[in-house]
Amino acid sequence: MFDKLNKFVKEVSDKVNEITENALANDQRENTEEPEINIDELPLKNIPLADIRKLSTSESLKALYDSVTITPEHYKYYLEDYYLSVADKVFVSKDAIVAYYKNVVEKMRIPDLSSMLKCSQNQMQKIFRKTQTIADLFGVKQPDVYIFQLDMYGAAAEGLSSPWIELYSRSYEDMTDEELSFMIGREIGHIQCNHLLYKILIDFILDAAGYLNNIPGIGTLLNLIGPDRIKQSLRMVLYPWNRASEYTADCAGYLATGGNLLTSCNAILKSVVRSKVLADQSCVKDFYAQVKEIDSMTGYLANYSKRDDVVPYGQYRIRELIRYASSERGLMALKKVKSWEDKNAVR
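Residues numbered from 1 in each chain as written. Predicted model: local features only at pLDDT ≥ 70, side-chain atom pairs only at ≥ 80, totals over all residues. Heavy atoms only, no water.

S.K.: Hey, could you go over the overall build of the protein chain for me, with residue numbers and the actual values?
M.R.: A tally of regular secondary structure across the protein chain gives 19 helices and four strands. Of all 347 residues assigned to the protein chain, the portion counted as buried reaches 48%. As displayed, the protein chain offers around 17200 Å² of accessible surface, 54% of which is attributable to carbon and sulfur atoms. (Helix = DSSP H or I, 4+ residues; strand = E, 2+ residues; numbered from the N terminus. Buried < 20%, exposed > 50% of the residue type's maximum accessible area, 1.4 Å probe, protein only. Areas by Shrake-Rupley, 256 points an atom, 1.4 Å probe, with all protein chains shown as cover.)

Pasting the structure below:
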């Protein structure tokens, strides 16, 4: 009996190791498929508007330019769909999770939301109008925005039935007008790309994995394998998509600023250091230069540590944003933004 149990434990453990190693190997695609960028050769500066408006539109991107508003195809990270196809293999009980979230979690959040400052035409008008403009640019329903009392930089889109945005109070107090456009644009990008659904599925699945130890029999088996191994393997499969979704959101935020690359990078830096004092004494260029040091750290443990983060390092976020902003698709998307602004007399 014990021989059979030991054999079963070994098979499960080997399968867990295989999932983790395959996920790590696949995840190497995240930062190596496109050429490295030397920030000294591509300074953080905005592209002249006159040059943007003169850009010719290639046949492959003509459909994007001809669209009425900005769509996910204009800015989605090029590996997001691939990582979603990998993560989708472990998404279980989707309908049940969604039903529980809508009928329980969302309804429990209503009293909390009611206690926050809600942006409207009569209060926090600047944020209300900014959200309205960005939502129109992306062709989505204007989400409600609440000022969430939190002493850090950031914002978060929540909800499925009627998504809303929680803007952290420190962001409102300290960030510039265009940095706020970046933060709100990011969350509208999350909403438009339906990221909220998959983020909820990931949270539920990882939470459920944490409760497996409490099930009689299964808990004993997991202790033999290693109680955290299942959850670690799931993170290796699920987190690559989550990081890709953040790269996508950064590109949406960049378009929401009208193509202000330096402002976008400053907003990323502030969201990483989470302190006005630190942000005021930081240099985006030097901060980004640390990416070489991060890239030089290789080996299984170093790569595991990088891939175990739900949000990409700030330096990686800046690198992917620069890549997008300098790509043909990014330039065409920015041309579309400028065309939309001219048509709607914005800015």
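S.K.: Kindly report on the sheet that holds strand S1 (residues 117–118), identifying the contributing residues and their values.
M.R.: The four strands lie next to each other as S1-S2-S4-S3, forming an open sheet whose pairing is mixed. In the strand order of this sheet, the two ends are held by S1 and strand S3 (155–158), each with one partner. Examined bridge by bridge, S3 and strand S4 (residues 164–168) share four bridges and lie antiparallel to one another. When the bridges of S4 are listed, Ala155 appears paired with Leu167. (Pairing = 2+ DSSP bridges.)

S.K.: Describe in detail the nonpolar core, supporting the description with residues and values.
M.R.: In terms of nonpolar packing, the biggest core is built from 76 residues, with Tyr75, Phe91, Phe138 and Leu255 touching the most fellow members. In terms of residue count, the dominant contributor to this core is helix H12 (residues 229–256) (11 residues). The contact partners of Phe138, leaving out residues within four places of it in the chain, are Thr69, Ile70, Tyr75, Ile188, Gln192, Ala252, Leu255 and Ala256. (Core = buried A, V, L, I, M, F, W, Y, C linked by side-chain atoms within 4.5 Å. Contact = heavy atoms within 4.5 Å.)

S.K.: Describe the pairing of strand S2 (residues 144–148), naming the residues involved and giving the relevant values.
M.R.: Bridge count for S1 against S2 is two bridges, and the pairing is antiparallel. The partner of Leu117 across the bridge, within S2, is Ile147. Across five bridges, the pairing between S2 and S4 is parallel. The residue bridging Phe148 from the neighbouring strand is Tyr168, located in S4.

S.K.: Mind laying out the environment of Leu201, listing which residues take part and the relevant values?
M.R.: As for its placement among the helices and strands, Leu201 is situated in helix H10 (residues 195–210). Sequence-wise, Leu201 and Val98 are 103 residues apart; in three dimensions their C-alpha atoms are separated by 8.0 Å. Leave out the neighbours within four places in its chain, and Leu201 touches Phe91, Lys94 and Ile97.

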